[in-house]
Amino acid sequence: MSKAPSPAPAEPAGNILLEATSISKSFGPVEVLRDIGLQLKRGEVHAIIGENGAGKSTLMKILSGHLAPSKGTLRVNGEKITFTGPVDAEERGIVLVHQEILLAPDLTVAQNIYLGRELRKGLVLDERAMAEGAHRAVLDLGADIDPGTVVHRLSIAQRQLVQIARALLVPHQIVIFDEPTASLTPVETKALLKVIDAIKGKDAAILYISHRLPEVKTIADRITVLRDGQLVGTYEAADLEPVDMARLMVGRDVSKLYPDRAEVKAGETVLEIENMSVPGFVRNASFSLKRGEILGFAGLIGAGRTELLEGILGLRPAHGTVRQNGSPVHFRNVNESMKAGIVYLSEDRKGKGLLLAQNLKINLTLAGLDRFVRGLLIDRKREDEALDRAVRDFDIRTRSRDLLAGQLSGGNQQKLLLAKMMLLGPEIVVIDEPTRGIDIGTKEQIYKFINGLAAEGKAVIVISSEMPELIGICDRIIVMRNGEIAGEVTGEHMTEAEIVVLATGATMREAALVAESA
Amino acid sequence: MSNTTAAQTARRSLGDIDLRAVAPFVALAVLFAFGAMVNPNFVGIDNLLNVVTRSAFIAIIAVGATFVISAGGLDLSVGSMSAFVAGTMILFLNTGLIASDVGMIAAAMLLALAVGALCGLANGLITTLGRIEPFIVTLGTMGIFRALTIYLAEGGSIAIKSQELRAAYRPVYFSNLLGVPIPVIVILVVAVVGAFIFYRTRFGRHVTAVGSNEEVARYSGISVNRVRTLTYVIQGLCVATAVLVYVPRLGAATPTTGLLWELQAITAVVIGGTALRGGVGRIWGTICGALILEMVGNIMVLSDLVSEYLIGAVQGAIIIIAMLIQRSLGRR
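Analysis parameters
Residues numbered from 1 in each chain as written. Chains lettered and ligands numbered in written order. Predicted model: local features only at pLDDT ≥ 70, side-chain atom pairs only at ≥ 80, totals over all residues. Helix = DSSP H or I, 4+ residues; strand = E, 2+ residues; numbered from the N terminus. Rg over C-alpha atoms; globule rule 2.2 N^0.38 Å. Buried ≥ 20, exposed ≤ 12 C-beta atoms within 10 Å, placed from the backbone. Contact = placed C-beta atoms within 7 Å. Nonpolar A, V, L, I, M, F, W, Y, C, P; charged D, E, K, R; others polar. Pairing = 2+ DSSP bridges. Axes fitted to C-alpha atoms, helices over the stretch in contact; angles between N-to-C directions. Core = buried A, V, L, I, M, F, W, Y, C linked by C-beta atoms within 7 Å. Domains from an automatic or database assignment. Parallel < 35°, antiparallel > 145°, perpendicular 65-115°, else oblique. Left-handed = near helix turned anticlockwise from the far one by under 90°.

Draft legend 1. Just the overall build of chain A, in detail. Helix and strand content of chain A: 18 helices and 24 strands. For a compact globule of 518 residues, the expected C-alpha radius of gyration is about 24 Å, and chain A comes in at 24 Å, within 12% of that figure. A principal-axis box enclosing the C-alpha atoms of chain A has dimensions of 70 × 50 × 50 Å. Taking all 518 residues of chain A together, the buried fraction comes to 49%. Contacts in chain A between residues far apart in sequence, at least 24 positions, make up 67% of those at least 6 positions apart.

Written out as structure tokens, the structure is:
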């Protein structure tokens, strides 16, 4: 499928809800968007794809009134508009569903959905009307969440649905989704795509940003590709396969995302887990891990994958037998498991992996600081050298050494986190959601690093909600369901359908349907 | 998106870091110039040394507070703790256990440091093991230390009885070394040691990490509770060190000893540019903050602009203004 896709033909004016012409945006001397044109038609799902840094989010912020363009014009229903702010855009029916969860964790679902636009009866809050409205709103999205539930008790996926419900409460004609499925499992993604279809059916238009190209292929009618702040083109989705999209985004051929796995020389067993239980999350999990292999953990969000590994490594209370290189060990905290040569890279890079407000050096050496202490002093020169090496070895792209970790892109943050943990010289590496929120070019690199670790003889565990990724890089995959290990797949059995069967308990036929759409 | 917005914030906050670190020193310089304008006596070397000397208690305590606050904690008990440590120290001096005056004073000093460290340890352990907000814990111990002092003093004050001991101890506050008053030297030593620990050792780095994001610190293998507890112990040791200089000044501990010192210490830390939410600590900024507080008082006494009874109000206003300035420098 590598025929050159032709740009979509222009549309008669009446159908166009939103038109952006020659939009440019500069921050100081840095031009991040140049001369972007975009037409959004009534009743279409229009996907915007591009690597991190391509300018997708900036464009979305301009279209939703969060940022003003430096140049160019916006027309809504043919009328030339200058937004005064996001509220102004919302009043014109343009709503943005943010990528980050922006909910008050201590308030209930209903309170969050109606936050700032509470319904009242006279002076008193009309709790019942809000509860009913909130329940209807989440039911519309195909989820049944009790509106009285406090948000911090919800899973990430449920929170996201609440956030979408909140956004859709405003009368809308254009809904912008910024990577809505980044933290959803295939089943949840499928439900969300249904919701989007429903919104589209109501004559609204949808702008959809995502890194997941197969999903874009499924949902989008047209696709606009951005690269380095410039428009590559707008295409009919029917003309583009995911491989073509990736090529247009990256500007080169990326059909080979996953590295070749060398034939596994089954090394000796480094880790054996027996009857591991993590109260409230995992029951009686047993598995083993060999040197030089990449072991995947698949399952729905909430299946207990993260909790199992965190329990083993002493990050949360757990009991069961752990044997490392044949001898029984018990890690009471993560310091002990680190000393034993096991490192864990959290899925929550920003919350548990890196100090976003500190510079790269402090982040890099934080876990392995012992190696940089001479007498009482931290040897700053060796720290600087280590940073040089890390930037080179892990290809961390940064304009300056003095940047804060929070200023790096997601992909570079992940590389920094990898570098930080590799400083410890681990024998076992556990990586949770290694490529969440990371663009395709960087994904390829991360996979290479992971592959390289195994080739060096380290044992690697990868937890991921992206099945193609697990299938692409792992030697075998353990599937968890409801806190238990549901099974293991290897070789030719490593297919999305088989994994879904184990992860959901569905029949093979149902699973094939889900896997197809994911 | 990330690259471009990152570029933005990079430039902006890089500027901020410098500005925020420099701001307290600029404020001190401006205050100095202002003082010189309103009263020529202000710039006299004697007056200036007097200002620095008088700032000693707060400056020394505030160095400890910089550790606690940088790690994301808070200690409201330092004022009461000062009174309590001073009280126990003087009671010990009054036992006359050791014949030699110097030996007696040295032993009392060690005892004071031990009591301070233990008080800090108590604050730290209750906060970390009990998982209680430090605000509440130290509010509690603030009351406890104060009441214990009053109880030990039986409602009055505790004074050093022996005139010889008083005379032997007096120089620790009142004499000088090569013209530099001893308290000023103590400030310098505490600040240098504090800065060394904070900026150059692994523990200091861990303090910043814990204050920056406790979870990241934990996932990086740092024992968060241990680091937090130790910051309170350091705070206790700083309080005790301040007491070592305070006791020879009056020779007594009274119910008003250390009253509102916690407010002044926290003010000094905040003026100095340390973030109250943790993660950024500035030892020299803190010293600068303590000097600013004392200098404001001094200028008010030397000028007729504002009644000196309003010193507390002015200092209170300063902490609010300092926060406003920090906020405007760090606006994102």
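Picking up where we left off.
Draft legend 2. Focus on the interface of chain B and chain A. Every contact between the two is made by 28 residues of chain B and, on the other side, 38 residues of chain A. Those elements that place two or more of their residues in the side of chain B that touches chain A are helix H1 (2-38), helix H10 (202-212) and helix H11 (214-219) of chain B. Ranked by residue count, the leading element in the side of chain B that touches chain A is H1 of chain B, at 11 residues. When grouped by side-chain class, the residues that make up the side of chain B that touches chain A number 8 nonpolar, 14 polar and 6 charged.

Draft legend 3. Fine view of the sheet that holds strand E23 (residues 476-481) of chain A. Residues and elements named next belong to chain A. An order of E18-E21-E22-E15-E23-E24 is seen for the 6 strands of this open sheet, with the pairing classed as mixed. Edge positions in the open sheet fall to strand E18 (342-345) and strand E24 (484-490), since each of these has one partner strand only. Adjacent strand axes in the sheet meet at a mean angle of 20 degrees, parallel and antiparallel pairs treated alike. Where E23 and E24 come together, 6 bridges link them in antiparallel fashion. When the sheet's bridge partners are listed, Val-479 is paired in E24 with Gly-487.

Draft legend 4. Molecular detail of the nonpolar core. The biggest cluster of nonpolar side chains holds 176 residues, and the ones touching the most others in it are Ile-450 of chain A together with Ile-60, Ile-61 and Val-243 of chain B. The greatest single-element share of this core, amounting to 15 residues, is contributed by helix H12 (residues 224-250) of chain B. Contacts of Ile-450 of chain A, omitting those with residues within four sequence positions, involve Ile-294, Ile-431, Pro-434, Val-460, Val-462 and Ile-473 of chain A. Counting residues in each nonpolar core, the second largest holds 75 residues, with Ala-143, Ala-157, Phe-177 and Ile-219 of chain A among its members.

Draft legend 5. Spotlight on the domain arrangement of chain A. What the domain assignment reports for chain A is domain 1 (16-254), domain 2 (257-341 + 426-517) and domain 3 (353-424). On a C-alpha basis, the centroid separation for the pair domain 1 of chain A and domain 3 of chain A is 34 Å.

Draft legend 6. Spotlight on the pairing of strand E6 (residues 94-97) of chain A. All names here are of chain A. A two-sided burial pattern is seen for E6, the buried positions comprising Ile-94 and Leu-96 on one face and Val-95 and Val-97 on the other. Examined bridge by bridge, E6 and strand E9 (residues 174-178) share 4 bridges and lie parallel to one another. When the sheet's bridge partners are listed, Val-95 is paired in E9 with Val-175.

Draft legend 7. Quick look at the environment of Gly-116 of chain B. Residues and elements named next belong to chain B. Relative to the helices and strands, Gly-116 resides in helix H5 (residues 101-129). When the C-alpha positions of Gly-116 and Ile-234 are compared, they lie 8.9 Å apart, and in sequence the two are 118 residues distant. Apart from the residues within four sequence positions on either side, Gly-116 is in contact with Met-81, Val-85, Gly-236, Leu-237, Val-239 and Ala-240.

Draft legend 8. Region of interest: the sheet that holds strand E16 (residues 319-324) of chain A. All names here are of chain A. Spatially, E14-E13-E16-E17 is the arrangement adopted by the 4 strands of the open sheet, whose pairing is antiparallel. Of all strands in the sheet, those with a lone pairing partner are strand E14 (282-290) and strand E17 (327-329), marking the two edges. Within this sheet the neighbouring strands show an average axis-to-axis angle of 15 degrees, counted without direction. The pairing of E16 with E17 spans 3 bridges and is classified as antiparallel. Its bridge partner lying in E17, Val-322 is registered against Val-329. Across the sheet, helix H9 (residues 305-312) lies against strand E13 (269-278), E14 and E16, angled at about 110 degrees from E13, the strand it touches most.

Draft legend 9. Expanded view of helix H13 (residues 261-271) of chain B. Residues and elements named next belong to chain B. The buried count for H13 comes to 10 of 11 residues, which makes it a mostly enclosed element. Among the residues making up H13, those that are buried are Trp-261, Glu-262, Gln-264, Ala-265, Ile-266, Thr-267, Ala-268, Val-269, Val-270 and Ile-271. Remark: Gly-273 follows H13 within two positions and exhibits a positive phi of approximately 105 degrees.

Draft legend 10. Inspection of the pairing of E23 of chain A at higher detail. Residue and element names in this part refer to chain A. Where strand E15 (residues 294-299) and E23 come together, 5 bridges link them in parallel fashion. Along E23, the bridge assignment pairs Gly-299 with Met-480. Joining the antiparallel neighbours E23 and E24 is a turn of 2 residues, in which Asn-482 adopts a positive phi near 50 degrees.

Draft legend 11. Examining the packing of helix H2 (residues 45-54) of chain B against helix H14 (residues 283-302) of chain B more closely. Residues and elements named next belong to chain B. Relative orientation of the contacting elements H2 and H14 amounts to 125 degrees, with a least axis distance of 9 Å. With respect to their mutual orientation, H2 and H14 come out oblique. Relative to H14, the crossing made by H2 is right-handed. Contact residues: H2 offers Val-51, Val-52 and Arg-54, while H14 offers Leu-291, Glu-294, Met-295 and Asn-298. Here the residues of the contact of H2 with H14 sort into 4 nonpolar, 1 polar and 2 charged.

Draft legend 12. Local environment of unusual backbone geometry. Residues and elements named next belong to chain A. The phi dihedral of Glu-179 is positive, around 45 degrees, even though this residue is not glycine. Mapped onto the secondary structure, Glu-179 falls in the loop between E9 and helix H6 (186-201). Given 19 C-beta atoms within a 10 Å radius, Glu-179 is considered partly exposed.

Draft legend 13. Just the packing of helix H4 (residues 78-95) of chain B against H12 of chain B, in detail. Residue and element names in this part refer to chain B. Closest axis-to-axis distance for the H4/H12 pair is 9 Å, and the angle between their directions is 55 degrees. Relative to H12, the element H4 is oriented oblique. Crossing geometry of H4 relative to H12 is assigned as right-handed. Facing H4, whose interface residues are Val-78, Met-81, Ser-82, Val-85, Ala-86, Met-89 and Ile-90, H12 presents Gln-235, Gly-236, Val-239, Ala-240, Ala-242, Val-243, Tyr-246 and Val-247. Taken together, the residues that form the contact of H4 with H12 break down as 12 nonpolar, 3 polar and no charged.

Draft legend 14. Spotlight on the environment of Leu-248 of chain A. All names here are of chain A. Here Leu-248 is to be found in helix H8 (residues 242-250). Judged by local crowding, Leu-248 falls into the partly exposed class, with 19 C-beta atoms found within 10 Å. When the C-alpha positions of Leu-248 and Gly-50 are compared, they lie 8.4 Å apart, and in sequence the two are 198 residues distant. The residues contacting Leu-248, other than those within four sequence positions of it, are Val-225 and Val-232.

Draft legend 15. Structural detail: the environment of Arg-170 of chain B. Here Arg-170 of chain B shows up in the loop between helix H7 (163-169) and helix H8 (171-174). A count of 14 C-beta atoms within 10 Å places Arg-170 of chain B in the partly exposed class.

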